[in-house]
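A closer look at the structure
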Amino acid sequence: MSISLSSLILLPIWINMSQIQQGGPDEKEKTTALKDLLSRIDLDELMKKDEPPLDFPDTLEGFEYAFNEKGQLRHIKTGEPFVFNYREDLHRWNQKRYEALGEIITKYVYDLLEKDCNLKKIFIPVDATESEPKSFIFMSEDALTNPQKLMVLIHGSGVVRAGQWARKLIINEDLDSGTQIPFIKRAMDEGYGVIVLNPNENCIEVEKPKTHVQSSSDSSDEPVEKRERKDKVSKETKKRRDFYEKYRNPQREKEMMQLYIRENGSPEEHTVYVWDHFIAKSAAENVFFVAHSYGGLAFVELMIQREADVKSKVTAVALTDSVHNVWHQEAGKTIREWMRENCCNWVSSSEPLDTSVESMLPDCPRVSAGTDRHELTSWKSLPSIFRFFTEASEAKTSSLRLAGTRRSHRLKPEEL
């Protein structure tokens, strides 16, 4: 007969309860405390006590992985792809390992943006003091001075950071499908300036300071007996909490607190901030956005807050499986009309690339991204997006030319 680890842990408590229940009425309080403890114990959490330490490498080499010439993550010794279930029956430990690798991937992509794509890291807020929390974006050298074209990239929600579309694609497939680098390189080859937003970098995490709990005995106004009784209760409560915590969190992970970045505390705030301080000040005649998933929602929020400015500066917007909702976000009629003319949403669909897909919302056309996988929609629609931008730019140029011709015909000879 096999006995589970959790049963062995709980057995002394059950025995203790049985002995207490055989005692007198004075033991009822102890019984209640033990029942409360049992009700709060999570058996899955109990199993943590058998986990190896949550101590992982901080480099790809430490994990014994590297990206090959095809941009695929492979084990240095075996050449095999990344294995999530490194230790059987330890899902939480495996997940923590995956997250640790993900943080390394984020820094690796940042490094590629600077060294491989020649982008500059720009810290924000622009007027931040040395001690306050900061975020950053990436820009090409000509992002603010290119007179013709500027491309702005916004990723979705979650763990992804600047330069990424999907972390799991980077880890399990390759850098091309999971990062924004193919967009950045092609944009720069075609004469665009580039700005890469970082909308999920909203705060920094620091270890929560240990707070000193003042003993009730410090209160001199209370009678001695009352203070002693409260101290005894406090000590018993702490003893029970420590007993439970020993099983609940055997790894003793640090308790963290978040310090939010000024004016960049959410993806929506970040997008508006970068617009006000960078995009709106750029020299480009044509600004183009590529926004994936929640990035589409952030763009619509930007339109709601800066409608006139966006309309005057943005030529076209490519959304990829955007989760925006013009009704819930209360986008006005003029915004919806502009989106119908200037936006296109490449959505996950089993239909061939660029096939029209029916939309339930009165905002912008929806076409297939040529894949039914949400995370792949940006990568799969890349060639169509650049073609869409070229056509939009040419249409705008033709429209301006036509408007200029009409104006010249209306002028009197002495005005020419």
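Look up a bit, the structure's there.
Figured I'd write up the structure that's included with this text. (Residues numbered from 1 in each chain as written. Predicted model: local features only at pLDDT ≥ 70, side-chain atom pairs only at ≥ 80, totals over all residues. Heavy atoms only, no water.)

Section: the overall build of the protein chain
Our working definition: Under the DSSP-based scheme used, a helix requires at least four consecutive residues in state H or I and a strand at least two consecutive residues in state E, with every element numbered from the N terminus. The buried label applies to any residue whose accessible area, calculated with a 1.4 Å probe on protein chains only, is under 20% of its type's maximum; exposed applies above 50%, and partly exposed to all values in between. In what follows, residue pairs with any heavy atoms lying within 4.5 Å of each other are defined as contacts. Areas reported here follow the Shrake-Rupley algorithm with a probe of radius 1.4 Å; residue values treat only the protein chains shown as occluding.
Tallying secondary structure elements over the protein chain gives 15 helices and 13 strands in all. Out of the 416 residues in the protein chain, the part that is buried amounts to 43%. Sequence separation of 24 or more characterises 70% of the internal contacts of the protein chain that already satisfy a separation of 6 or more. When the accessible surface of the protein chain is summed, it comes to about 23,400 Å², and 50% of that surface belongs to carbon and sulfur atoms.

Observations concerning the pairing of strand β9 (residues 286-292)
As a reminder, the rule being used: Between any two strands, pairing holds if DSSP finds at least two bridges.
In terms of burial, β9 is largely enclosed, as 7 of its 7 residues are buried. Residues of β9 alternate between two faces, with N286, F288, V290 and H292 on one and V287, F289 and A291 on the opposite face, all of them buried. Here β9 runs beside strand β10 (residues 314-320); their pairing, made up of 6 bridges, is parallel. Residue F288 lies in a different strand from β10, and its bridge partner there is A316.

A few points about the environment of D309
Positionally, D309 belongs in helix α12 (residues 307-313). A relative accessible area of 41% means that D309 is categorised as partly exposed.

Here's the deal with helix α8 (residues 181-189)
Within α8 the residues assigned to the buried category are I181, P182, F183, I184 and A187. Looking one or two places after α8, you find G191, whose phi comes out positive at around 90°.

Re the sheet that holds strand β11 (residues 343-347)
Read from one edge to the other, the open sheet built from 9 strands follows the order β3-β4-β6-β5-β9-β10-β11-β13-β12, with strand pairing classed as mixed. Two strands lie at the open edges of the sheet, namely β3 (120-124) and β12 (356-357), each paired on one side alone. Bridge count for strand β5 (residues 149-154) against β9 is 6 bridges, and the pairing is parallel. Bridge pairing in β9 places I154 opposite A291.

Things to note about the packing of aromatic side chains
In plain terms, the rule: Aromatic contacts are taken between Phe, Tyr and Trp rings whose centres are within 6.5 Å, Trp giving its six-membered ring; a plane angle under 30 degrees counts as stacked, one over 60 as edge-to-face, and the others as tilted.
What the rule picks out here adds up to 19 aromatic pairs. Ring geometry for Y65 against F82: centres 5.6 Å apart, planes inclined by 55°, an arrangement best described as tilted. Here Y65 is found in strand β1 (residues 65-67), whereas its partner F82 is found in the loop between β2 (73-75) and α5 (91-115), with 17 residues between them in sequence. The exposure class of F82 is buried, given its relative accessible area of 10%. Between F123 and F136, the aromatic rings sit 5.9 Å apart at their centres with planes inclined by 70°, giving edge-to-face as the arrangement.

Some thoughts on the packing of helix α10 (residues 267-277) against helix α11 (residues 294-305)
The line we're drawing: For every element, the axis is a line fit to its C-alpha atoms; helices are fit only across the contacting stretch, and the angle between N-to-C directions ranges from 0 to 180 degrees. By definition in this entry, angles of less than 35 degrees are roughly parallel, angles greater than 145 are roughly antiparallel, angles of 65 to 115 are roughly perpendicular, and the rest are oblique. Each crossing gets its handedness from the near helix: less than a right angle anticlockwise from the far helix is left-handed, clockwise is right-handed. When residues are sorted by character, Ala, Val, Leu, Ile, Met, Phe, Trp, Tyr, Cys and Pro go into the nonpolar class, Asp, Glu, Lys and Arg into the charged class, and all the rest, Gly among them, into the polar class.
Direction vectors running N to C along α10 and α11 enclose 55°, while the axes themselves pass 9 Å from each other. Taken as axis vectors, α10 and α11 run oblique relative to one another. In the packing of α10 onto α11, the handedness of the crossing is right-handed. On α11, the residues touching P267, E268, T271, V272 and W275 of α10 are Y294, L297, A298, E301, L302 and Q305. When its residues are assigned to classes, the contact of α10 with α11 shows 7 nonpolar, 2 polar and 2 charged.

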